Protein chains: 2
Amino acid sequence: MYEVIRKPTIVDVARAARVSTATVSRVLNGRRVDPELVRRVRAAAAELHYRPNGTARSLQAGATRLIGVLVPDLGNPSFSELLRGLADATGAHGHRLLVADSKEIQDEERALIHELALHCDGLVLCSPRLPLEELARFAVGPLVCTNREVGGLSMSSAGVDSYAGMTEIVRHLATLGHRHIGYLAGPPDSWSNAERQRALGDSAAALRLQVTVVQAGSTSDDGHRALPALLAAGVSAVVAFNDLVAIGLLAGLREQGLDVPGDVSLAGFDDIPVAQFLAPPLTTVRLPTEEVGRQAWELLREQLQQAGRHGTVRLPTELVVRGSTGPAPDAP
Amino acid sequence: MYEVIRKPTIVDVARAARVSTATVSRVLNGRRVDPELVRRVRAAAAELHYRPNGTARSLQAGATRLIGVLVPDLGNPSFSELLRGLADATGAHGHRLLVADSKEIQDEERALIHELALHCDGLVLCSPRLPLEELARFAVGPLVCTNREVGGLSMSSAGVDSYAGMTEIVRHLATLGHRHIGYLAGPPDSWSNAERQRALGDSAAALRLQVTVVQAGSTSDDGHRALPALLAAGVSAVVAFNDLVAIGLLAGLREQGLDVPGDVSLAGFDDIPVAQFLAPPLTTVRLPTEEVGRQAWELLREQLQQAGRHGTVRLPTELVVRGSTGPAPDAP
DNA sequence: ATGAAAGCGCTAACAA
DNA sequence: TTGTTAGCGCTTTCAT
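Criteria and cut-off values
Residues numbered from 1 in each chain as written. Chains lettered and ligands numbered in written order. Predicted model: local features only at pLDDT ≥ 70, side-chain atom pairs only at ≥ 80, totals over all residues. Heavy atoms only, no water. Least-squares fit on C-alpha atoms with pLDDT ≥ 70 in both. Contact = heavy atoms within 4.5 Å. Buried < 20%, exposed > 50% of the residue type's maximum accessible area, 1.4 Å probe, protein only. Helix = DSSP H or I, 4+ residues; strand = E, 2+ residues; numbered from the N terminus. Pairing = 2+ DSSP bridges. Right-handed = clockwise from strand over helix to strand, strands pointing away. Expected span 1.5 Å × (residues − 1). Polar contact = N/O pair within 3.5 Å; in protein donor to acceptor, adjacent residues only side chain to side chain.

An account of the relation of the copies chain B and chain A is requested, with residue identities and associated values reported.
Rotating chain B by 180° and moving it 0.1 Å along the rotation axis overlays it on chain A with an RMSD of 0.1 Å. The transformation relating the two chain copies, once decomposed into turn and shift, fits a two-fold axis. Proximity to the rotation axis, assessed at the C-alpha, singles out Leu-98 of chain B in chain B; its C-alpha lies 2.2 Å from the axis. An overlap of 100% is found between the interface residues of chain B and their copies at the interface of chain A, pointing to a shared contact surface.

Here you go:
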């Protein structure tokens, strides 16, 4: 009789090797077994092209060794970097990444979190846009947010000190003689953006600087579109929510025949790899994004080992002064 | 007595709702059930904070709805874009992405492919570096390679026409009067690189151009490092394996006080988002990378629906002439 | 329409 | 050491 063609299971291997399934399992997992049986099992497995079923293993083990990661935009180099740090760190511990992109859409974010939670041992939510209390409801399993304050809720948080970074860059601009600074704001629900805006307000008040906030977003196109509003406001320096936005603005400025930093100074956030290669090289606040990814894993790992061990990591930023910022045109 | 704290299962819900597990399952999956029982089940599930176990479902279903993706470098914007197209397309069909980064290391690649295969319904290998025959051995399940010829092997392939792209850019440079072209070669095991190099050789022969190939790699640093060799060769135009490499070289050229395209013309491959924002904006061969991701999913889907339905998709490229290429300095 | 029971592929406790 | 067997959590016949 012909057998229905299906993937060989451990039962098939056991039969072919004339041993029990337990023995096959032991051989496969490197447990102590009689060499002769080991040989027979290996031969049978090879013969049948046997591959163990990861799902069955996961069910039995009660864990999948899968970590769900939600990012708002896979296209942003900053998240790629975080992903890389995360993939590197989790990989070293035998865990893999289940990646989903919410495309900055809240409903997507909610749906994806629910779905990821079904298959994963833990979740890393990158710059989540959902309200905190809603996030808290998901926090049944190990959960880490990046770049998001989590209050006293039962989750961990890894991020950077956006407030300090903004403070530093405003001081830098003030020192260069700028009295009116424009800010290209990021996504409305971004906590990082709120922090940066808050720091800008505080610093400006302390230094008696004028500030114009223009709503932009997180992409280069958003930055490009914001140019007219900025020009109308008459700022002499601009800080963008991130480097991508800064790049878009830079291109717009160049199209208008404006010199950077001669006419307008420009700074971003992130220090994405290309920032140093732009013309002029971009002054920016460097965020240790890859390290945030690593730290997120460490925090997750603590929760994996012992439920309820929450923690918060806030990494320092570093102002990287390059060619895109210079003295204010009307400075003494 | 106190129960040990563990996640509630369908059994717990069934007991609490005083129905069978089958009924709970039916309610959860929207099957026709008496409204009163539906109510009781939903109430019990909510009360217990019940969440179904995805692994158990997958085991029962014989499928995980997970697609494994292997990329050589998560940090390369080009792969982020592919990932995005893939995530978008698979997501629309209820599949998720299991992502792994081989960091351009062959051993990693091999190990990760094996691992991914254990948990996934299908695999997408992005620009794999492993030899074809080894890849063929993995092709027990649905498999798609991107940017890699697969011969008659039992897998599908989605990619771009690198050969045509290179041909077009060489013609462009020749028209501008360039007689000696430098090529910054990509990773040695990259099939795309081989294709581009082959096209360059063929075109140069036909047009009687001189060619100097300098081994670089796939990152901006690689491009930056290649500058001396290029300068020594005395080329008047350079084509880089990809935009990242071109960007590194561009920065190096600028540091040397050389003008692009005044002294040297420069072109890349990919058209990553920042390419248009560089100074000068980068002439490059645009690859429909996101679309490659979508097509990869379509090909995978065909295999998922019916084993053995292999296909090949080769998408056209488009030369995007921007400011980084111009007439040869010594042209008439 | 509902429940009892088998079984997805694997590992681990228990026996021998 | 090896085999037998129970069971991980779920869905799905098969009866009722």
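Having put the structure on the table, let's press on.
Break down the pairing of strand E1 (residues 66–71) of chain A for me, citing the residues and quoting the values.
Residues and elements named next belong to chain A. Here E1 lies mainly inside the structure; 6 of its 6 residues are buried. The two faces of E1 match: Leu-66, Gly-68 and Leu-70 on one face and Ile-67, Val-69 and Val-71 on the other face are all buried. With 6 bridges connecting them, E1 and strand E2 (residues 96–101) associate as parallel partners. Its bridge partner lying in E2, Val-71 is registered against Asp-101. In this view, the connection linking E1 to its parallel neighbour E2 by way of helix H5 (residues 77–92) has right-handed handedness. Pairing geometry for E1 and strand E3 (residues 122–126), over 4 bridges, is parallel. The residue of E3 that forms the bridge with Val-69 is Val-124.

Give a description of helix H9 (residues 191–207) of chain B that names residues and reports values.
Residues and elements named next belong to chain B. Between its terminal C-alpha atoms H9 stretches 24 Å, which fits the 24 Å expected from 17 residues at 1.5 Å a residue. Residues of H9 that are buried: Trp-191, Ser-192, Asn-193, Glu-195, Arg-196, Ala-199, Leu-200, Ser-203 and Ala-204. Where H9 is buried, its residues contact helix H8 (162–175), strand E6 (180–185), strand E7 (210–215), strand E9 (265–270) and strand E11 (312–315). Between a side-chain oxygen at the N-terminus of H9 and the backbone nitrogen of Ser-192 the separation is 3.3 Å; the capping residue is Ser-190. Arg-208, located one to two residues past H9, shows a positive phi value of around 55°.

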